[in-house]
Every structure is written in C-alpha cells, then in structure tokens.
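Structure assessment
Residue-level listing of the chains:
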2 protein chains.
Amino acid sequence: MAKDKKLVEAITSMDVDFAQWYTDVVKKAELCDYASVKGCMVIKPDGYAIWENIQHELDRRFKETGVQNVYMPMFIPESLLQKEKDHVEGFAPEVAWVTHGGLEPLQERMCVRPTSETLFCDFYAKDIHSYRDLPKLYNQWCSVVRWEKTTRPFLRSREFLWQEGHTAHATAEEAEERTIQMLNLYADFCEEVLAMPVIRGQKTDKEKFAGAEATYTIEALMHDGKALQSGTSHNFGDGFAKAFDIQYAAKDNSLQYVHQTSWGMTTRLIGAIIMVHGDNNGLVLPPRIAPTQVVIVPIQQKREGVLDKAFEIRDVLSNFKVKVDDSDKSPGWKFSESEMRGIPVRVEIGPKDIENNQAVLVRRDTHEKLTVSLDNIAEEVGKLLDTIQKDMLERARAHRDAHTYVATDFDEFVKTINEKPGFVKAMWCGCQECEDKIKEVTAATSRCMPFAQEQLSDKCVCCGKPAKKMVYWGRAY
Amino acid sequence: MAKDKKLVEAITSMDVDFAQWYTDVVKKAELCDYASVKGCMVIKPDGYAIWENIQHELDRRFKETGVQNVYMPMFIPESLLQKEKDHVEGFAPEVAWVTHGGLEPLQERMCVRPTSETLFCDFYAKDIHSYRDLPKLYNQWCSVVRWEKTTRPFLRSREFLWQEGHTAHATAEEAEERTIQMLNLYADFCEEVLAMPVIRGQKTDKEKFAGAEATYTIEALMHDGKALQSGTSHNFGDGFAKAFDIQYAAKDNSLQYVHQTSWGMTTRLIGAIIMVHGDNNGLVLPPRIAPTQVVIVPIQQKREGVLDKAFEIRDVLSNFKVKVDDSDKSPGWKFSESEMRGIPVRVEIGPKDIENNQAVLVRRDTHEKLTVSLDNIAEEVGKLLDTIQKDMLERARAHRDAHTYVATDFDEFVKTINEKPGFVKAMWCGCQECEDKIKEVTAATSRCMPFAQEQLSDKCVCCGKPAKKMVYWGRAY
C-alpha cells in the first residue's frame, strides 16, 4: 500500500507551495515536458488530447457563427510589422527574428509571428474590394512565439498554440457586435465545457491590446486566488484599416475603411483547467473536456471472468470515452494513477461485484462511491458525468464568489489584496495614475471593467475622486 | 452568356501550358494566394477546408493504429540539428535561422524545424527508459520551413503544413513493420479518399531521406505525365538512437538501442488532387474530400416557390455537405463557378422541374446530366457521389496505366522520356552512376523500386550490366 501511494506522495500539497504543486501536476499527469529550447515545451499525448478537445469544440462553435479557417505564413517581414505604430511597439521587444535563409543572409529580417494582425491586414488589403466581399470571418489554428523572460508550462511559454480570429466588417457597429459575440462565445465555452466560471468585461486602456480601440476579456479565478486572463476579443475600429489601406467600395460607390476585430484563446486554458479544478491528488478534468471520461479498473484481474467482464462493461459504455486499465500494476496504483490523470469516473469491478451483478463508480472530483447494477450502468455513468460537470462548475463558482471582496477605500484595498487572495471589486476614477499606483503598491492589476457594473461607492478607491467604473482587481498569472 | 463564360475563359487550357493552368486553377478556385513573404502562401478557406478533410481522415486512420498526437517546439538549437551527420548535411543548407530573441542576440542560433527527427530523438532519450515505454507512436500536425529557391503553391513552398509521425520500437522488425504499415495507410488513403492511384515502393539510396536506412514512397502520376512523390515513410534503424543515445532496458535488463521510423504527408497533396483530377473548367474534387459535395442552383429563383424548394431539397440532402447558391448571380455564372470550385454534383431546380416533381443532377467530372424524381433525390445523390468517387479513381488509374511505358535499352529509355510524358519502367543494376547518368541525360529520376517487381529484362537499362531491380523512372515535381 505504501508503494501504491508513491505516485500521489510525489506531489507537493497545494497549500504548501501552489507553484510547485502546479509543476508537479503538469509533470506527473504527463501533460507536458520541458524542451531543449528554453521556455518551450513538449506537449505530451494527454496534454495534447485536452487541446484537441478544446479545438474541436471551439472550432464547431466558431463555424456555427459563419467563421472559416485559413492559414497565414508564420513569418512577418519587419516592414510589415512596423505599419501600425502601437502594434509594433507592443510586440517588437518580444519577437524572435529570422535573419538567414539557408546559407544566405535575408535582405530583410522577418519575425516569427507573435500574432497575425499584420498578415491578415496585408491580405485583406488585396482581397477586399467591395461591400460584397464583407464580412470576412477568418480564423487560424497555429503556434505563435513571444520571447518571454520568465516562462511556465502552458501559462507563459515562448511558443504556444492558439487560435486567432480576424474579421473585417463594413461598419463599426458590426465590428463591435462581432467582438462581443466572440467574447460571449468564449465565456460560454469556458462555463459549459471547462466548468470554469468567468467574469466578462472590458480592459482598461492601460491593459488593452497593442493597436486595439477596445479589448474585452474573460477573467477566471484560480484556486490560489490569482486571476487568469482566459480569452480576449479586440475591436480595432478602422485603425489597422487606415495603416494598411483596407478600403471597400460601398453600395453608393464611396470608398470606406473596413472595421476589424481579432480574438484568441490559447493552450493557457490547459493551465487554467489545472488550477481551477485540480486537488492534492492531481488533475481533475471536467467530463466534457476529458480525453478519457471513464477508466475501468478490474480487481483481481487474474481471476477467471474479471477481465472479460471489464471489457464487456467497456463495450456497454462505448458512448463515452472509456478505457480498461488491464496493465499488470496493482489496483491501488491504478487508482492513484487515474486520479493523477484526472479521469472523471472510475469503475471498479471485481469477483464479488460480478457475483452481485454490480460495479462501483468512484467520482474523481469528490471521491464519492456509488454502487450500481450492471443492468443500467450506461445510464448511471451518463447521469454521473452530467452531475460531475455541473457540480464542478458550481464548486468553482462558489470558490470564486467566496474569494471576491469589496474595498471602498485604499487601506481596505491594500489590506484585502495582501491578506485575502482573490478578486477585489472597487470603484475607479478612470485615470491610469491610479492603476499605476495600485500596481506599484499591491502588484494587483485591473483585470476588467465587468459588463455587470455595480455602484459600490461614488469615489475612486485610490484617489477619492468621482468614480466612473467598477473594476475587478487582482494579482494575475 | 458571354459574361457567364468569363470565369472559365480566364483559365489557360492545360494542353497549352500546364504550369499556367495549375496556377490559374489555384487562384480562380480560391485555394490559396501569394503572401508578402516570398515563397510562402496564404491558404484560403476553400483550400484549407480540403486540408481539414485530409487531416480529419488521416488522423482517424492514424489513431486506429494506436498513434497519439503530441506537439514539439518549432525551434531546433543548432547543436541538436548537428547530432546526426547525414541529417544535418541534408537539411542545414535549407533552413531558416533565428538569431535574435527580442532585442538580444541568442547565445546559440536555432533553426525553424524543417522536420523534427532531432526534437523527437532528444525527447525520447529522456522519456524512454524501459521496454515498458515502447513502442512510442507519436505524431504531430504542424508547419515546417525549408528555404527553397524555386517555389510553387502547394507543390513547393518555403513553409508548408504537414503531419510527421515519429515512432520508437524495441526491435528492428517492429520498426520495419510500422514503416510499411504507414506507407500502406498512406496509399490506401490516397486511393480510397483522394481517388488517386499510387505506386508503392522503396527509394534508391540516392533518393532516400537524410539519415534513413530505408525510405518508402508512394508515387502518383499527374495529368501532364510528371510524377509526384505523395508521401514517404522512413526506417531509421538505430542510427538516430545511437546519435542521440536512446536506450531502453530490455526484459533481460540489457541496454538496447531503439529502432525508429518517421512518416509524413503534406499540403502538397492538394497540388496532387488538382493535377490528377482537374480539367479545363477548373478543379474536380473527389466527393470524399470535397468541402462542398453538392451545390443547389435555383433557376429563375425570383419565381415564387423556387428558393423555398431549393432549401427544402437542401434539408432533404442534409446527410451530404450541401449548399444552396442563392446569390444574385446568373445561373450560368453559378454553373461556371461551381465547376471552377470542383463541386462534385450540381442540382438544378427551376419552375418546370418543380412542376414535374424532379430535379437535374449534373456531374462535375463528366458533365453528364441526370433527371431524378424529388421523391428519392437523397438516394440518387448518394449513389451518384459513390459512382463519381469510383469513376474518378478508375479514370486516374487508366490515365496512369496508359502513360506507363517500358524501356529495355538506353536509346529507347531516352526516347520514351523525351516523347511520352509518364512513368518509364526499366531495369537497373543498383549503381548510383546509372541514376546520375539518367538524370543528367533525361532529367528523369528514379521514383521508386516498386514492391510489385517485374523482370522486364536481365540487364540494366543504362549500363547493360546484370539488373537487380525494376525501377519506375520519371520527371517529377
């Protein structure tokens, strides 16, 4: 039994050292590994399978709204990157530069895309002529590179996988509508599929995307009380269109600039899943995103009929993503391993269960056990997976709400940030000076101005001047 | 009517200039466009949708054989690339080099992956310890960069999309078995899904992959009689394992080197589909890979009931990938456009058809028309799509066979290559000198030593010495 526990014991407790717990889970659940290139990662089969599920579900939702997938080159010539002033200032310090092709130096160096606004704009300038060509609703799945100084698997790596949507519209209204539509799509996806509640809101000017008129964000709260920006949607207005000269002939034959948006989600979401749902036994995956939803562990598998029955149950459960663990490890080891990997439901089946025509279902999220008849096991497993999905969202929401505080003056604000990890809701005057001061004193940043505004007080929590917006503040990944 | 023909007339006839015809089809069918970076391409929605279908079907077949997807970094440190001698010699001259990260020069430059053997080996060296860890059956979907001098959309571009499988096995036999298994998987996919017959065989030493012990290939014949290498599968033996020190503890506790394979298919396949099936009206897509299988064109669509009926038919055909073209273009224009895009079946429905409870089905591949009752249109369309898929394969096979020649002496060989575009089957002594001479004189290369060997003569077609192998020769893309 001691040996069986080894796997679990190898994880640092999250209460002792959350950062180390996170790294342990990433490694022990075999989601990813470090690569030879500093700050880059190898995404292993179990990590990549989660990403494939995210892709599949997001892609389906995108396409339902008329989005089409395309692929742009991974290189951006330096002159192209420089066309939009704010954008190049935001990204140039953190791109990787290609200077040689084969044995020859390049005439103009190129960066590996940190994001592809410039490439899409360059393409749209050639491809959009008339109002008939609008809207363009393009998306691509690819990897991008940002040469970060400090990196952490999934959360901040020099190369990461993502999708980036880039749309062009005839009017400002349509662009704004699409920006909000995609933010809501992201939020619904996080809540319905990842069981992760999010705050929907707008970034302050200080925190918005380089080149955007407005950036909208969804913010989630991790188990340690830190915030994680989980998806963003930007409205560019006609700023890029003017920089890249993207014009179309309107119905009245006048030339008009298009209005653009972009929106993205990344492999960072895998980090979010770990930090929202994980526990001291490892990963806990919501059923709708789990590569394996059900693992069947035979007990005394060498006894005649046990393995046969396990495979029989697998066939009965074939509507789910199900596996039999028939390896030669001990059941205890298998239990630990399936917990570490976060498999939502474990089915235990042994000689006694077979005799009684039953099996034991064990929930990963609560460790609860449930004995069910083999006659209706498929139905029971289906119900249980639904319950787990629902409960995980509710639990995460309750945790988030219990760690969301209100502060109405600066002392209270500082005290709360320092003593109670979580979101702090507080009023703000709208000045960057107050954001800067708050960041300097507390290391917290404005996460967003939520769509659901509340009037907590009339005064800015920092300077006391008249308040304009309620803001969610927090320390963030 | 003249105006309706414009789209089609814009294509160069394939008999006049095949290369120009190809470029015209790529552009007019809106598969891809040129990018700001020379030699790179923008894959547009219709091109990318074909790639997604290829991915979907290949990925399903891979997973059925136990393959798992992963993701490796896109960068390779120079020292890592240099670990296997033949490999670095093969690839170093054509890689793109990253020398700066952000504002700082890198301590060691990195190339953008031209292929990822070195990264997988580096990972396997850390990840494989015991025979229990074997086999590793990993694959990744990504883009790679090869700094080619002359480029053509899909066929040869500096960046292209592909999958690369990398496996590690306990024994040489198992590695060879996997190499052949994947080659056959590729060949079956080409024939069953792309309706593209291929020759399965082995590359000569001169033509094999840099670092491989044996390279297997599938070779297809394009409409102009040139060959296209459409997929390759490599057996590395333990060469990479020795260079990267990838050892495992066998059951008897001895340390053994693993045996490895790799195999890949690329967006080049889209070029193959165009050049095998296309005609002077544009693209012709096999139903199983077509993003749209059926387009419904309403005739006199402003007449009451016509559009309603078109959408009603769409609903009846919802098992297929079906679209209604209800744009304000003329029916003639819509016909041309659906032909240009290669949509396998067109359904024409007008007031007279409705009166007679019928519709007209038009095959893209043969232009044949078929009047069917609306009562069983779904069944008829299903049958027609199957027939088209089958006929396209047979037609391509007949074309290939009609353009496959035999040469038994050098004069005949040269004359055939020069006068009859296609494959030439001829015997070969096994010496690279003869391959070099044939290439120099005719620009033809050995495409493969087919698994299906024939004894055409006893003598090498080039030097007259005793023949060892029958080889397919041809000029190639």
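As a convention, each chain's residues are numbered from 1 in the sequence order in which they are written. In the order they appear in the text, chains get letters beginning with A and ligands get numbers beginning with 1. In keeping with the predicted nature of the model, local features appear solely for residues at pLDDT of at least 70, side-chain atom pairs appear and are counted solely at 80 or more, and the whole-chain, interface and lining totals rest on all residues. To obtain the side-chain values, all non-hydrogen atoms of the structure were included, while hydrogens and water were left out.

1. As for the packing of helix α3 (residues 45-64) of chain B against helix α7 (residues 172-192) of chain B
All names here are of chain B.
- To obtain each axis, a line is fitted to C-alpha atoms, and for helices this fit is confined to the stretch in contact; angles are then taken between N-to-C directions over 0 to 180 degrees. The helix count covers DSSP runs of H or I at least four residues long, the strand count covers runs of E at least two residues long, and both are numbered beginning at the N terminus. At their nearest, the axes of α3 and α7 sit 11 Å apart, and the two run at 140° to each other. Between α3 and α7, the interaxial angle falls into the category oblique. With respect to the hand of their crossing, α3 and α7 are arranged in right-handed fashion. Side by side, α3 and α7 meet where Ile54, Glu57, Leu58, Arg61 and Phe62 of the first sit next to Met182, Leu185, Tyr186, Asp188, Phe189 and Glu192 of the second.
- Just so you know the grouping, Ala, Val, Leu, Ile, Met, Phe, Trp, Tyr, Cys and Pro go in nonpolar, Asp, Glu, Lys and Arg go in charged, and all remaining residues, Gly too, go in polar. Among the residues making up the contact of α3 with α7, the classes are represented as seven nonpolar, no polar and four charged. Should an angle fall under 35 degrees it is taken as roughly parallel, and over 145 as roughly antiparallel, whereas 65 to 115 is taken as roughly perpendicular and any remaining angle as oblique. For any pair of crossing helices, the crossing counts as left-handed if the nearer helix is rotated counterclockwise from the farther one by less than a right angle, and right-handed if it is rotated clockwise. In this analysis, two residues are considered to be in contact whenever any of their non-hydrogen atoms come within 4.5 Å of each other.

2. Remarks on the sheet that holds strand β6 (residues 104-112) of chain A
- Overall, antiparallel pairing links the six strands, which are arranged β4(A)-β6(A)-β5(A)-β5(B)-β6(B)-β4(B) in an open sheet. Here the strands that pair on one side only, and so sit at the sheet edges, are β4 (75-77) of chain A together with β4 (75-77) of chain B. Each adjacent strand pair in this sheet contributes to an overall mean axis angle of 45°, direction not counted.
- By the convention used here, strands pair only if DSSP detects at least 2 bridges between them. Two strands pair when backbone bridges link them, and strand β5 (residues 96-101) of chain B and strand β6 (residues 104-112) of chain B are joined in this way by four bridges, in the antiparallel orientation. Following the sheet pairing, valine 98 of chain B is matched in β6 of chain B by methionine 110 of chain B.

3. Some points on the sheet that holds strand β22 (residues 445-450) of chain B
Residue and element names in this part refer to chain B.
- Taking strand neighbours across the sheet as the criterion, the eleven strands line up as β3-β7-β8-β14-β11-β10-β9-β22-β23-β21-β20 in an open arrangement whose pairing is mixed. Only two strands of the sheet have a single partner each, and these edge strands are β3 (68-69) and β20 (404-406).
- Relative to strand β23 (residues 469-474), β22 is paired through three bridges, and the arrangement is antiparallel. Looking at β23, one finds that serine 446 is bridged to tryptophan 473.
- Relative to the sheet, helix α6 (residues 117-127) contacts β7 (136-145), β8 (159-169), β11 (227-237) and β14 (259-266), its axis offset from that of β7 by approximately 150°.
- Across the face of the sheet, helix α13 (residues 377-402) comes into contact with β9 (199-202), β10 (214-221), β20 and β21 (423-428) while running at roughly 25° to β20.

4. Brief notes about the interface of chain A and chain B
- Facing the 53 residues of chain A at the interface are 53 residues of chain B.
- For the chain A face of the interface with chain B, the top three residues by lost area are Pro45, Tyr71 and Met74 of chain A, together amounting to 14%.
- Take a side-chain nitrogen of Lys or Arg and a carboxyl oxygen of Asp or Glu: if they are within 4 Å of each other, that pair is a salt bridge. If you look at where chain A meets chain B, you find six salt bridges.
- We call two N or O atoms a polar contact when they sit within 3.5 Å, provided that within protein one can donate a hydrogen and the other can accept it, with sequence-adjacent residues counted only if both atoms are side-chain atoms. Across the chain A-chain B interface, the total number found is 27 residue pairs in polar contact (both at pLDDT 80 or more).
- With six residues, the top contributor of residues to the side of chain A that touches chain B is strand β5 (residues 96-101) of chain A.
- Judged from the five bridges that link them, β5 of chain A and β5 of chain B form a sheet pairing that is antiparallel. Within β5 of chain B, the residue paired with glycine 101 of chain A across the bridge is alanine 96 of chain B. Two parts placed together each lose some accessible area; with a 1.4 Å probe, that loss summed over both constitutes the buried area.

5. A few points about the pattern of salt bridges
- Scanning all chains against the criterion turns up 78 salt bridges over all chains.
- A salt bridge links arginine 363 of chain A to aspartate 391 of chain A; the shortest N-O distance between them is 2.9 Å. Here arginine 363 of chain A, found in strand β18 (residues 358-363), pairs with aspartate 391 of chain A, found in helix α13 (residues 377-402); they are 28 residues apart in sequence, far enough to count as distant.
- Between buried and exposed lies partly exposed: a residue is buried under 20% and exposed over 50% of the maximum accessible area for its type, with that area taken using a 1.4 Å probe on protein chains only. For arginine 363 of chain A, a relative accessible area of 7% corresponds to the buried category.
- Among the salt bridges present, the one from arginine 346 of chain B reaches glutamate 339 of chain B, with a minimum N-O distance of 3.5 Å. Each member of the pair arginine 346 of chain B and glutamate 339 of chain B is classed as buried.
- Among the charged side chains, a network of salt bridges with common partners joins Glu30, Lys44, Asp46 and Arg341 of chain A together with Asp127 and Lys136 of chain B.

6. As for α6 of chain B
- Within α6 of chain B, nine of the eleven residues are buried, leaving the element largely enclosed by the surrounding structure.
- By the burial criterion, the buried members of α6 of chain B are Glu117, Thr118, Leu119, Phe120, Cys121, Asp122, Phe123, Tyr124 and Asp127 of chain B.

7. A closer look at the pairing of β18 of chain A
All names here are of chain A.
- Burial analysis of β18 places five of its six residues in the buried class, which makes it a mostly covered element.
- Pairing analysis gives four bridges linking strand β17 (residues 345-349) to β18, with the strands arranged antiparallel. Along β18, the bridge assignment pairs valine 347 with leucine 361.
- Between β18 and strand β19 (residues 369-373), which pair antiparallel one after the other, the connecting turn spans five residues, and histidine 367 there sits at a positive phi close to 65°.

Just geometry here; none of it tells us what the structure is for.
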